[in-house]
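Structural characterization, general
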Amino acid sequence: MGIQVSTASLTENEFLKALQDESTSNAAIHWEGLSSFPQCYPTALTNPALNEILVQITDTIARHSAKTMRTGAVVKRICDMVSGWTSNRPEEVAYGPMCNLLLFLQHLMRSARDVSREDRHAFASICAVPTQGAEENGAASQNGCTLVVDSLVTFIRRHPVLNMNSGCVNSHALALGVITVCCASPLYDDPPQPGGAPSDLPSQPPTPLPYLDQGEGADCIDQLCERADVESLLSTLFGFISKADYTLNQSTYTSVATLQSWLEYAAILLPTSIVGHLPYRSTQWSHVQQSSAHLGRRAALLLMVLLYRRKNESQQNPSKLLLAFRSEATDADFPVAVFDALCRPGALQNPELVLLLYSLLNENKKVIDFILHDPDVSRLVLPLTELLNGIAVLWEAPASLYVLLSVLLILSQHRSFNTSMHESSYPLVLWYKERTIRDISAGSLLILVLVKVIQYNVANHEDTYVTRQCLSILSNMGSGIKNVHEYTAQRLVQLALFLGKRANRVSAETDAFLDFLKNTLGAINVALANSAAENVQLIYELLHQQKAVKDMLCKVKPEGAAQSIKGILSCIDYFDAALDRVGEPLNSVEEVSKVLAEAALTWDPSVCGPPTGDRFAFAEESCPEVFFVPYAWDLVLKYYSEHLAWDERYLPLFACKAATPDEEGEEQPGNGPFDI
C-alpha cells in the first residue's frame, strides 16, 4: 500500500516549502527532493485531508507561476525524471517516488487550470516549459501539456504492467489521470473575466463547443491520436481494462450450478462467518483490487476521450485510432480478455465501461459475432439488466440510460441472441425488490425490467425516446420468447392494458401511445405465433384478464395492429373453449396449465400472421458527436471529481447539454441521440 502519510509530513516537507516560497529561485531548489515525501497514493484517494493539502500546495505554486515561471520548471523536471526513470526493483516500494511525482503533477496541472479562471492568460504562461538552460529567464519553447503527454506515454510503454503489483498499477493509473487532465484543456477555452466570484455564473452563456474544434489543449488529443504507435497505445489501454478487477458491487444473481457450489462452500465454512466468505460479497477491498479497478476505469475514460473527439469536415478522426474498432480495417481478433473483463461482477456498474461496450458493438461486427457465439451470453446481459432495473438512479444521468438501452437494442437485433436469452434459468434474483423472483430466464427477466422502465418513464418523465427504445427491444425479442415467467407474463399483459388506457384518453399524446400499444400487442402476438406450447403462462394470463383485454381492444384499435388484435383474440377464444370442454372444475393453476399445454398442441398459429413481427434496427444519427463528446467528458469530470476541482458552470463544452425550452418555457421530453 505504501507508507501511510499524515498532513504534517506534507506541510513540513522542506522541498514543498521551497516550491511555495515565491522568493526562492528555481536554481536554489533541491530538485532531487521532488519525490522525497512519503508515498501518498493510493492513500490520497481515500483521505480528503491529504488531497486538500496537495491542492493548497499546488494552488500556491500555480499562483506564483506568472512571476517565477515555477510551474513550467517543475513540469519540465518531472517530465525529465519520468522519461529517465529506471528501477531494478520490481517491488511496490520501487514505484513510490514515481507515484509521488505523478500525483503531484496531476494536482499541479489541475491547479494551473483553476488559476486560469481568474486570469485568462495565466494558463499559457503556466504551461510554458523553459528550454534547456533557460529556466531562470523564463524562456519557453514547448507547451507543457504536450511534453507531459509524450513523457507519460513513453513511461507507460517502457514499464508494462506485468502483474497486479499495486505500486506499478498505481503509477500507471496516475499517469493516465495526468494525460486525461492534459487533454481537458478545451474545457477551459473561455474562462470568465478576472474578479468574478467562483460561485457567480458568467454574464454571457458560453458558446457550445460540441466538437472540440476550439481550445488551446485540443493538440494533446491530436498528439495522442496521431502518434505513430497509436495502435500499440490502444492495445495497452485495452490491456489495462482487461486486467482490472471491478468487483465493487455484490453479485446478486447466479445460475443453478453456481448456487450449488456456493451452498457446498457455505456448508464447509458453517462454523465461521458464512456471509463473509461468499464470493463477491465482501465489502473489504484489498489495495491491489482498488488500484486495479482505478487503472481499468482510467484507461476506459481516456480511450473514450480519444475515440469521441472533434468532428470536422476537413479533419476526421485518424484511421489508426479506429484500427482496433473497425473490422474492415484490421484482421486482428477481438480480444477475448476485454469481453471477459466487461462481464466481471461490478464492471458494468461503471458507465465508462458501458460506453466502451456500446462503442465496440457499434463499430466492430466481430464483437457482435463473438458475443453471439458465447455459450453464456447472459453473463453480459444480466449485469446490464440489473443496471437498468435501477431506473430511478439512471434518470439522474439520462445519457447513461440512453447508452444502456442502445446496447440492448443492438443485441436484440439478432435472433440467436433472443433465443439464447431464454435457455438459462436463475433461481435467485435478489436485486429485483418488487417481489421474490425464482426460476426465471435471462430473457424473462429483461422483459420484466423493460416493462418496469416503460411504466416508470411514462408516469414520471414522459420521455418518448426511452419508451420507444424499450418497446423496440421488446418487439425484437418477441419472436424468441418461450417459457416466459408467470410474473413476466402478468406484467406484460398489464403493460398492454396500461398503454391502452393512456391511448384511450383524448390528448396530444394519443398517437404516441397508440404506437406504443401497437408494439406491445405485436410482441405478444409474435410470441404466440412462434411458440404457444412453450408460453402457457402468457396464455394463462391472457385468459385471466380476458375481460379487460377484450374491452380494451374494442375501444382502442391502433393503426397497423389489426393482425395482432385478431391473433390475440383468437388465442383467447380458442383456449377459453378448451377449458370449457373439460367439463369439471379445475382447482389449481397447475391443472389449468396442463389443459392449456395439451390444447396448444392443436393450436393453429397461422391466425396470428407471420411469426416475425416488427423488427427495429439501431442507427446512430449523422452527428453523434453532439451527444458523445460532452457525455465522455462528463464521465471524466464525475470520476475525477474528488481530486480535480472542475466547475461545470464555466465549461463551454457543456452548454450544449442544456434542455431546449419550448414557447412556454418548459423543458421538452428528451429525444435521445439515436435513430431507430
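Further up the page is the structure itself.
The following refers to the structure shown. The shown structure was predicted, so the numbers you read here are calculated from the model rather than taken from an experiment.

1. Examining the overall build of the protein
Regarding its fold elements, the protein presents 30 helices and 8 strands. Taken over 676 residues, the protein has a buried fraction of 55%. Across the protein, contacts joining residues at least 24 apart in sequence account for 79% of those joining residues at least 6 apart. Of the accessible surface of the protein, which amounts to about 28300 Å², a share of 52% is contributed by carbon and sulfur atoms.

2. Digging into helix H24 (residues 486-503)
The first and last C-alpha atoms of H24 sit 26 Å apart over 18 residues, in line with the 26 Å expected at 1.5 Å per residue. In terms of burial, H24 is a largely internal element, 13 of the 18 residues being buried.

3. Concerning unusual backbone geometry
Within the chain, Asp-439 stands out as a residue other than glycine whose phi angle is a positive 50°. Mapping Asp-439 onto the fold places it in the loop between strand S5 (428-429) and strand S6 (440-441). For Glu-462, which is not glycine, the phi torsion reads 55° and is therefore positive. With respect to the helices and strands, Glu-462 occurs in the loop between helix H22 (442-460) and helix H23 (464-477).

4. Things to note about the pattern of salt bridges
Opposite charge on two side chains permits pairing when their charged atoms draw close. Inspection of the entire model under this criterion finds 8 salt bridges. Note that Glu-352 is salt-bridged to Arg-297, the shortest N-O span being 2.4 Å. Residue Glu-352 is found in helix H16 (residues 351-363), and its partner Arg-297 is found in helix H14 (residues 287-307); the two are separated by 55 residues along the sequence. When sorted by exposure, Glu-352 lands in the same class as Arg-297, which is buried. The salt bridge partner of Arg-379 is Asp-340, with a shortest N-O separation of 3.0 Å. Of this pair, Arg-379 sits in helix H18 (residues 378-389) while Asp-340 sits in helix H15 (residues 336-342); the two residues are 39 residues apart in sequence, bridging distant segments of the chain. Through salt bridges that share partners, Asp-340, Asp-374 and Arg-379 make up one connected network.

5. A few points about empty space enclosed by the protein
Scanning the model with the defined rule gives 2 cavities of 30 Å³ or more in all. Val-493, Ala-496, Leu-521, Ile-524, Leu-542, Val-549, Met-552, Leu-553 and Ile-568 are the residues that line the largest cavity. If you list the elements that add at least two residues to the lining of the largest cavity, you get H24, helix H25 (510-531) and helix H27 (546-555). Counting residues per element, the lining of the largest cavity draws most heavily on H27, which supplies 3 residues. Residue classes in the lining of the largest cavity are distributed as 9 nonpolar, no polar and no charged.

6. Points about the environment of Gly-177
Within the fold, Gly-177 resides in helix H9 (residues 166-183). For Gly-177, a relative accessible area of 0% translates into the label buried. Put simply, Gly-177 and Leu-295 are 118 residues apart on the chain and 9.2 Å apart in space, counted from C-alpha to C-alpha. Leave out the neighbours within four places in its chain, and Gly-177 touches Gln-106, Arg-298 and Tyr-640.

7. Digging into the nonpolar core
Counting residues in hydrophobic clusters, the biggest one holds 197 residues, and the most contacted among them are Leu-19, Phe-104 and Leu-388. With sequence-adjacent residues up to four places away left out, Phe-104 is seen in contact with Leu-16, Leu-19, Leu-34, Ile-57, Thr-58, Ile-61, Val-74 and Ile-78.

8. Some remarks on the side chain of Arg-297
Residue Arg-297 is classed as buried on the basis of its relative accessible area of 18%. In terms of polar contacts, Arg-297 uses its side chain to reach the side chain of Glu-352, at 2.4 Å.

9. A word on a negative patch on the surface
A contiguous patch of negative charge on the surface is contributed by Glu-486, Glu-584, Glu-590 and Glu-591. Its location among the elements puts Glu-590 in helix H29 (residues 589-600).

10. A look at the packing of aromatic side chains
Within the structure shown, the criterion is met by 14 aromatic pairs. Aromatic pair Tyr-358 and Phe-618: ring centres 5.8 Å apart, planes at 85°, arrangement edge-to-face. Pair noted here: Tyr-358 is in helix H16 and Phe-618 is in the loop between H29 and strand S7 (619-620), with a separation of 260 residues, a long-range link. The class for Phe-618 is buried, based on a relative accessible area of 12%. On the numbers, 6.4 Å between centres and 50° between planes, the contact of Tyr-402 with Phe-627 is tilted. Of this pair, Tyr-402 sits in helix H20 (residues 398-412) while Phe-627 sits in helix H30 (residues 625-639), and the two are 225 residues apart along the sequence. For the residue pair Tyr-402 and Phe-627, the accessibility class agrees, reading buried in each case. Taken together through their ring pairs, the aromatic side chains of Tyr-308, Tyr-358, Tyr-402, Tyr-465, Phe-618, Phe-627, Phe-628 and Tyr-631 make up a single cluster. The residue whose ring lies beneath Arg-435 is Tyr-487, and the NZ or CZ to ring-centre distance is 4.4 Å.

Each value, and the rule that gives it
Residues numbered from 1 in each chain as written. Predicted model: local features only at pLDDT ≥ 70, side-chain atom pairs only at ≥ 80, totals over all residues. Heavy atoms only, no water. Helix = DSSP H or I, 4+ residues; strand = E, 2+ residues; numbered from the N terminus. Buried < 20%, exposed > 50% of the residue type's maximum accessible area, 1.4 Å probe, protein only. Contact = heavy atoms within 4.5 Å. Areas by Shrake-Rupley, 256 points an atom, 1.4 Å probe, with all protein chains shown as cover. Expected span 1.5 Å × (residues − 1). Salt bridge = Lys/Arg side-chain N within 4 Å of Asp/Glu carboxyl O. 1 Å grid on protein atoms, 1.4 Å probe; cavity = no way out; pocket = protein on both sides within 12 Å on 5 of 7 lines; lining within 4 Å. Points joined across faces, edges and corners; volume = space filled by probe spheres on them. Nonpolar A, V, L, I, M, F, W, Y, C, P; charged D, E, K, R; others polar. Core = buried A, V, L, I, M, F, W, Y, C linked by side-chain atoms within 4.5 Å. Polar contact = N/O pair within 3.5 Å; in protein donor to acceptor, adjacent residues only side chain to side chain. Patch = residues over 30% accessible without salt bridge, like charges linked within 9 Å, V, L, I, M, F, W, Y side chains within 5 Å. Lys, Arg positive; Asp, Glu negative; His and termini not counted. Charge placed at Lys NZ, Arg CZ, Asp CG, Glu CD. Phe/Tyr/Trp six-rings, centres within 6.5 Å; stacked < 30°, edge-to-face > 60°. Lys NZ or Arg CZ within 6 Å of the ring centre and 35° of its normal.

None of the figures reported here should be taken as evidence of function without further support.
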